[in-house]
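# Geometric and topological summary
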Amino acid sequence: MKVISYNLRKHRAAGELVQLVTAHDPDVLCLQECDVVELPDRIGDLVLADATQGNRLGLALYYRTSTFRILGVKTIGLKKSLHDRIAKPAHERVLGARLHDIDEGRDLIVASFHAAPLTALNSLRRHQIRAALTELATLGEGLPQLMVGDYNYPVFKENLGHAVRAHGYALTLSDDHTYTRYRVFRGHYDFATSAGFEIERVTTLPQGTSDHRPILVTARLD
């Protein structure tokens, strides 16, 4: 299974999506910071499963209908940072879908995630990540779970990795830095947490209009 995650930088990179899907042929596409009103129902062979409705900076998830049947979706609001309370960019920070893999005959959960911005503490983001994974699990107890997106976690990833592992999940970074807007904050911001999947690789794709680079997660069910 191939999953692309891309932070569109306030929808500025939306025009790249057709080419991105054509070039890399993902099974699932997870977006952050999109204008959901402007999103198409289809991108190539992918169909829009759902998008958040209460966000200024929205989340969306597309899936391949020849590979999956969609069984349910869930949007999740998480503990807010001070920036969230003042600027109100995103009430719902997780969008998850329960999918049925037609060939494998198994259900799984895939989600798009956008953590609180850099003005928040890492401790808040760790809390958000744990809460997101817990809430996503309610889509199906014990199902394989893959959450990709913008984790906004530039430093002290060892602490995050420990927290994620203690919660029963694996943390997988990309093979190159994914955020490039500010030199001082350059680093790995976009990655994956998972359970019940073997993550073969997380490839950082070429820079586009966004300040984030897309990532391509290649995974298979355990």
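These remarks concern the structure in this document.

Each value, and the rule that gives it
- Residues numbered from 1 in each chain as written.
- Predicted model: local features only at pLDDT ≥ 70, side-chain atom pairs only at ≥ 80, totals over all residues.
- Heavy atoms only, no water.
- Phe/Tyr/Trp six-rings, centres within 6.5 Å; stacked < 30°, edge-to-face > 60°.
- Helix = DSSP H or I, 4+ residues; strand = E, 2+ residues; numbered from the N terminus.
- Buried < 20%, exposed > 50% of the residue type's maximum accessible area, 1.4 Å probe, protein only.
- Contact = heavy atoms within 4.5 Å.
- Pairing = 2+ DSSP bridges.
- Right-handed = clockwise from strand over helix to strand, strands pointing away.

### Observations concerning the packing of aromatic side chains
- By the definition in use, this model includes three aromatic pairs.
- A ring pair is formed by Tyr-179 and Tyr-189, whose centres lie 4.6 Å apart and whose planes are at 25 degrees; its orientation type is stacked. Of this pair, Tyr-179 sits in the loop between strand E10 (170-172) and strand E11 (190-195) while Tyr-189 is found in the loop between E10 and E11, placing the two residues ten residues apart along the sequence. Assigned by exposure class, Tyr-179 and Tyr-189 land together as buried.

### Points about the environment of Pro-144
- The topology assignment puts Pro-144 in the loop between helix H3 (122-136) and strand E9 (145-150).
- Pro-144 gets classed as buried once you look at its relative accessible area, which sits at 7%.
- Counting along the chain gives 17 residues from Pro-144 to His-127, while the straight-line C-alpha distance between them is 21 Å.
- Among all residues touching Pro-144, those that are not within four sequence positions of it are Arg-106, Asp-107, Leu-108, Ile-109, Ala-195, Gly-196, Phe-197 and Leu-221.

### Notes on the pairing of strand E2 (residues 28-34)
- The buried count for E2 comes to seven of seven residues, which makes it a mostly enclosed element.
- Both strand E1 (residues 2-7) and E2 contribute to a ladder of five bridges, which runs parallel. Bridge pairing in E2 places Val-3 opposite Val-28.
- Between the parallel pair E1 and E2, the chain is carried across by helix H1 (residues 17-24), and the sense of this crossover is right-handed.
- Alignment of E2 against strand E5 (residues 58-64), held across six bridges, turns out to be antiparallel. For Val-28, the partnering residue across the bridge sits in E5 and is Tyr-63.

Nothing here speaks to function; it is all geometry.
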